[in-house]
Amino acid sequence: MRLAGGGGMRAASGVGAASTERPSDEREGCGHPRVGGDRMGVVVVDCSRGVTEPEAPTGADLKAEVGRTAVLARAFRDGGHPVLFTLIAYQPHLRDAGAWLAKFPGAAGLVMGTPAVELDPRLGVTPADIVVTKKGPSAFFGTNLAALLAAEAVDTVVVCGATTSGCVRASVVDSVQYGFQTLVVGDCVRDRAAGPHRANLFDMSAKYADVVDHTEARGYVGGCPRRPSRMQPAGA
């Protein structure tokens, strides 16, 4: 995303790739893998057109990450697991943006009813998917996301989206604090540059989540039992 001084998410070799560097739990007491659970939900963070299209003031070319995320979301739907999308959208007066807008003025363009807050059509969003609107970095803060996941009996949250060091990381930390096992799909997230992307994947792997690629994530969801949504209306 563009900061106050501009620059956006710059194209860099490997910027959207999963980090292969993993912390040592034996040396540092961290990084212990915890992949597991019976019911997974994928949360796609902030893949609206204002983030995934390079023409937007807060955007970048996320074609590869969006494409892989769409494939992963389809695997979740096919397996009977919930797919949730978050997006940032403010009222035109922007008073609902709070203090964050002073640090991140580029987000002033993410206004309700504009193309910038439409989910990227390449994601293949369906009427059965859940869309959560948020005002700050975390997908959980000030939203009903945790309640929605609990209603779906989700015990493991899989996170994709943008940006790795910003809204993705904030959502991952809150996911763990709400008691969910958490995975980050390293090749389905992106940042402004390769450095913060890799550093934050490393740090999340050490403390908060398992970092996997989209192929691994599809394998995990394929190994979970298929269950109908608990929130699906009768006869739907």
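Residues numbered from 1 in each chain as written. Predicted model: local features only at pLDDT ≥ 70, side-chain atom pairs only at ≥ 80, totals over all residues. Heavy atoms only, no water.

Visitor: How would you summarise the overall build of the chain if you had to cite specific residues and measurements?
Guide: Along its length, the chain carries eight helices and six strands. Traced from its N-terminal end to its C-terminal end, the chain shows the element sequence α-β-α-α-β-α-β-α-β-α-β-α-β-α. Residues counted as buried form 50% of the 236 residues belonging to the chain. Across the chain, the fraction of contacts at a sequence separation of at least 24, relative to all contacts at a separation of at least 6, is 79%. For the chain, the accessible surface area stands at approximately 10,600 Å², while carbon and sulfur atoms represent 54% of it. (Helix = DSSP H or I, 4+ residues; strand = E, 2+ residues; numbered from the N terminus. Buried < 20%, exposed > 50% of the residue type's maximum accessible area, 1.4 Å probe, protein only. Contact = heavy atoms within 4.5 Å. Areas by Shrake-Rupley, 256 points an atom, 1.4 Å probe, with all protein chains shown as cover.)

Visitor: An account of the packing of helix α6 (residues 164–177) against helix α7 (residues 194–207) is needed here, citing residue identities and associated values.
Guide: Two quantities define a packed helix pair, namely the angle between the axes and the distance from one axis to the other. α7 packs onto α6 with a crossing angle of 15° between their chain directions and a minimal axis gap of 10 Å. On the basis of the axis angle, α6 is roughly parallel to α7. You can see that α6 and α7 cross each other, and the crossing is right-handed. Of the residues in α7, those touching α6 at Thr 164, Ser 165, Val 168, Arg 169 and Val 172 are Pro 196, His 197, Asn 200, Leu 201, Asp 203 and Met 204. Split by residue class, the contact of α6 with α7 holds five nonpolar, four polar and two charged. (Axes fitted to C-alpha atoms, helices over the stretch in contact; angles between N-to-C directions. Parallel < 35°, antiparallel > 145°, perpendicular 65-115°, else oblique. Left-handed = near helix turned anticlockwise from the far one by under 90°. Nonpolar A, V, L, I, M, F, W, Y, C, P; charged D, E, K, R; others polar.)

Visitor: So, the environment of Val 154: which residues are in play, and what are the values?
Guide: With respect to the element layout, Val 154 can be found in the loop between α5 (145–151) and β4 (156–162). Using a relative accessible area of 7% as the deciding quantity, one classes Val 154 as buried. Through-space distance from the C-alpha of Val 154 to that of Val 42 is 9.6 Å; in sequence the pair is 112 residues apart.

Visitor: Tell me what's going on with the nonpolar core, and back it up with residues and numbers.
Guide: If you look at the biggest cluster of nonpolar residues, it comprises 58 residues, and the most contacted ones within it are Phe 76, Leu 145, Leu 149, Val 158, Val 168 and Val 184. The contact partners of Phe 76, leaving out residues within four places of it in the chain, are Met 40, Gly 41, Val 42, His 81, Pro 82, Val 83, Val 158 and Val 221. (Core = buried A, V, L, I, M, F, W, Y, C linked by side-chain atoms within 4.5 Å.)

Visitor: Talk me through α7; I want residue IDs and the actual numbers.
Guide: The end-to-end C-alpha separation of α7 is 20 Å, in line with the 20 Å expected for 14 residues at 1.5 Å each. Taken residue by residue, α7 has Ala 194, His 197, Asn 200, Leu 201, Asp 203, Met 204, Ser 205 and Ala 206 as its buried positions. In this structure, the buried residues of α7 make contact with α6, β5 (181–190) and β6 (210–212). (Expected span 1.5 Å × (residues − 1).)

Visitor: Break down the side chain of Asp 174 for me, citing the residues and quoting the values.
Guide: Within the secondary structure, Asp 174 sits in helix α6. Within polar-contact distance, the side chain of Asp 174 engages the side chain of Ser 138 at 2.6 Å. Setting aside its immediate chain neighbours within four residues, Asp 174 contacts Ser 138, Phe 140 and Phe 141. (Polar contact = N/O pair within 3.5 Å; in protein donor to acceptor, adjacent residues only side chain to side chain.)

Visitor: Tell me what's going on with the pattern of salt bridges, and back it up with residues and numbers.
Guide: Pairing between side chains of opposite charge can happen when the charged atoms of each approach one another. Taken as a whole and judged by the stated rule, the model has 12 salt bridges. In this structure, the salt-bridge partner of Asp 187 is Arg 68, at a minimum N-O distance of 3.9 Å. With Asp 187 in strand β5 and Arg 68 in helix α3 (residues 63–78), the pair connects residues that are 119 residues apart, well separated along the chain. When the shortest N-O distance is used, the salt bridge between Arg 169 and Asp 203 registers 2.7 Å. (Salt bridge = Lys/Arg side-chain N within 4 Å of Asp/Glu carboxyl O.)

Visitor: Please give an account of the sheet that holds strand β3 (residues 130–134) that cites residues and values.
Guide: Taken in spatial order, the six strands line up as β3-β2-β1-β4-β5-β6 in an open sheet, and their pairing is parallel. The sheet is open, and its two borders are formed by β3 and β6, each paired with just one other strand. Strand-to-strand twist of the sheet, defined as the mean angle between neighbouring strand axes without regard to direction, takes the value 25°. One ladder, built from four bridges, connects strand β1 (residues 40–45) with strand β2 (residues 83–88); its direction is parallel. Bridge pairing in β2 links Val 42 to Val 83. Sheet contacts for α7: β5 and β6; angle to β5, the most-contacted strand, approximately 165°. In the packing of helix α8 (residues 214–222) onto the sheet, the strands contacted are β1, β5 and β6, and the crossing angle to β5 comes to about 145°. (Pairing = 2+ DSSP bridges.)

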